[in-house]
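So the chains spell out like this:
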Amino acid sequence: MAKRTNEEWIKLLSDEPDEVALMELRDLLDRGLRYTLSSRLNTNLDAIVEDFVQESLLKIINKIDTFRGESQFTTWAQKIAVRVALTELRRRRWRDTSLDELTTSRDGESFFEPKIMSDPNPSPEDRSTRSGMIALVQNLIVEELTERQRRAMTLVMLQGMPLEVAAEELGTNRNALYKLIHDARVRLKKKLGEKGMTPEDVLSVFE
Amino acid sequence: MATIINRVRQFVQQLFGQTPEPEQKKEQIVKGLVKALDLTEEREIACEEVFEVIDQYAELVSQGESPDKVMPLVQHHLIICGHCREEFEMLLDMLNAKPA
């Protein structure tokens, strides 16, 4: 592949993209995705890499105005290809998992729901036991988090739903979803502190 | 394939009673949650802010720079967020792919 500066890449791929440059970028993405996916997937890469590369090239050309030149252009293009590939692969993985779990019970699913609270105010003695500590943490979750925060944590942290899928479920985007869960974590940590406890204290009960 | 393997595993678990009891499951959840709280900082950056700079970060790390020195907030996010960590690791892999 010809060695080009960032400015040369931008010039060649803007407006009417140069065919040689486009083909070289296509080869770079194809080679990189095959290299990294070969160790992650046990499937025929030909069937999926071509689609990922095509979608990535479209995104790269459409977003080329947003490239700020703070890395190599090719690295910037590769990060877009990684996002395209992993977003689709996570959706597929989740689809398979979800189908499996339709046939099984999901004990953890209702963990964040108020109805399973067994002891909302465990005594200091109870806190030294595992069940007492579980009750304390559940109590904090139910009292301190909003319903939306509980739902987000259930989907992402308990069920392992991909962030993009969970964001769609909640009518938001990945960034806002991360912030929603971050606010919940900060609040829980603060409230735990107000009870004179650190995360290490809680974890020590389970050791 | 993953679907079939998971169904076989579930069947074996049901057969031998190895499915975690609800109490054990609750313990796992609490431990996972509290470990996340342990790592929680008041100031964190979110996924898209990380995505904006992950190409720069990956180049610096692949050149041998120390992650905690070049962009500590990005490094912290990658510890917390498995999705972004996976994207970073895959990008590093791609940077190391040999030219044709």
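Look above for the structure.
Everything numeric in this text was worked out from a predicted model, so none of it was measured.

What follows deals with the packing of aromatic side chains. If you walk through the whole model with that rule in mind, you get five aromatic pairs over all chains. With centroids separated by 5.5 Å and ring planes inclined at 25 degrees, the aromatic side chains of Trp 9 of chain A and Phe 73 of chain A adopt a geometry described as stacked. Of the two residues, Trp 9 of chain A sits in helix α1 (residues 6-13) while Phe 73 of chain A sits in helix α4 (residues 73-101), which places them 64 residues apart along the sequence. Taking relative accessible area as the criterion, Trp 9 of chain A reaches 3% and is therefore assigned buried. Looking at Phe 73 of chain A, the relative accessible area reads 0%, which means it is buried. Taken together, the ring pairs connect Trp 9, Phe 67, Phe 73 and Trp 76 of chain A into an aromatic cluster. Looking at Arg 4 of chain A, its charged tip hangs above the ring of Trp 9 of chain A, at a distance of 4.7 Å from the centre. The cationic tip of Arg 83 of chain A hangs over the ring face of Phe 51 of chain B; the distance from NZ or CZ to the ring centre is 4.2 Å.

Time to look at unusual backbone geometry. Note: most residues except glycine have negative phi, and most peptide bonds are trans. The phi dihedral of Asp 15 of chain A is positive, around 55 degrees, even though this residue is not glycine. For Asp 15 of chain A, the position within the fold is in the loop between α1 and α2 (19-38).

Before going further, it helps to examine α2 of chain A. Between the first and last C-alpha of α2 of chain A there are 28 Å, a value that for 20 residues agrees with the 28 Å anticipated at 1.5 Å per step. You can read the cap of α2 of chain A off the contacts: a side-chain oxygen lies 3.1 Å from the backbone nitrogen of Val 20 of chain A, and it is on Asp 18 of chain A.

To continue, consider the nonpolar core. Residues Leu 25, Leu 33, Phe 73, Leu 177 and Val 202 of chain A together with Ile 54 and Val 74 of chain B are the most contacted members of the largest nonpolar core, which totals 81 residues. Setting aside anything within four residues of it in sequence, one finds Val 202 of chain A in contact with Met 133, Val 137, Leu 192 and Met 197 of chain A together with Val 30 and Val 34 of chain B.

With that out of the way, let us pick up the side chain of Thr 154 of chain A. One can find Thr 154 of chain A in helix α7 (residues 147-158). From its side chain, Thr 154 of chain A meets the backbone oxygen of Arg 150 of chain A in a polar contact 2.7 Å long.

The next point concerns the packing of helix α3 (residues 47-62) of chain B against helix α5 (residues 72-80) of chain B. Residue and element names in this part refer to chain B. Running from N to C, α3 and α5 point in directions that differ by 115 degrees, and their axes come no closer than 10 Å. At the point where α3 passes α5, the crossing takes the left-handed sense. Residue-level contacts link Cys 47, Val 50, Val 53, Ile 54 and Tyr 57 of α3 to Val 74, Gln 75, His 77 and Leu 78 of α5. Taken together, the residues of the contact of α3 with α5 sort by class into seven nonpolar, two polar and no charged.

Another aspect to go through is the interface of chain B and chain A. Counting residues at the interface gives 54 residues for chain B, matched by 60 residues for chain A. Interface area, chain B with chain A, both sides summed: about 5,300 Å², of which 62% is carbon and sulfur. At the junction of chain B with chain A, the criterion picks out 11 salt bridges. At the boundary of chain B and chain A, one finds 27 residue pairs in polar contact (both at pLDDT 80 or more). Within the residue set of the side of chain B that touches chain A, elements represented by two or more residues are α1 (2-16), α2 (22-39), α3, α5 and α6 (82-95) of chain B. When residues of the side of chain B that touches chain A are assigned to their parent elements, the largest contribution, 13 residues, is made by α2 of chain B. Grouping the amino acids of the side of chain B that touches chain A by side-chain chemistry returns 24 nonpolar, nine polar and 21 charged.

Reading the values: the criteria
- Residues numbered from 1 in each chain as written.
- Chains lettered and ligands numbered in written order.
- Predicted model: local features only at pLDDT ≥ 70, side-chain atom pairs only at ≥ 80, totals over all residues.
- Heavy atoms only, no water.
- Phe/Tyr/Trp six-rings, centres within 6.5 Å; stacked < 30°, edge-to-face > 60°.
- Helix = DSSP H or I, 4+ residues; strand = E, 2+ residues; numbered from the N terminus.
- Buried < 20%, exposed > 50% of the residue type's maximum accessible area, 1.4 Å probe, protein only.
- Lys NZ or Arg CZ within 6 Å of the ring centre and 35° of its normal.
- Expected span 1.5 Å × (residues − 1).
- Polar contact = N/O pair within 3.5 Å; in protein donor to acceptor, adjacent residues only side chain to side chain.
- Core = buried A, V, L, I, M, F, W, Y, C linked by side-chain atoms within 4.5 Å.
- Contact = heavy atoms within 4.5 Å.
- Axes fitted to C-alpha atoms, helices over the stretch in contact; angles between N-to-C directions.
- Left-handed = near helix turned anticlockwise from the far one by under 90°.
- Nonpolar A, V, L, I, M, F, W, Y, C, P; charged D, E, K, R; others polar.
- Buried area = accessible area lost by both parts, 1.4 Å probe.
- Salt bridge = Lys/Arg side-chain N within 4 Å of Asp/Glu carboxyl O.

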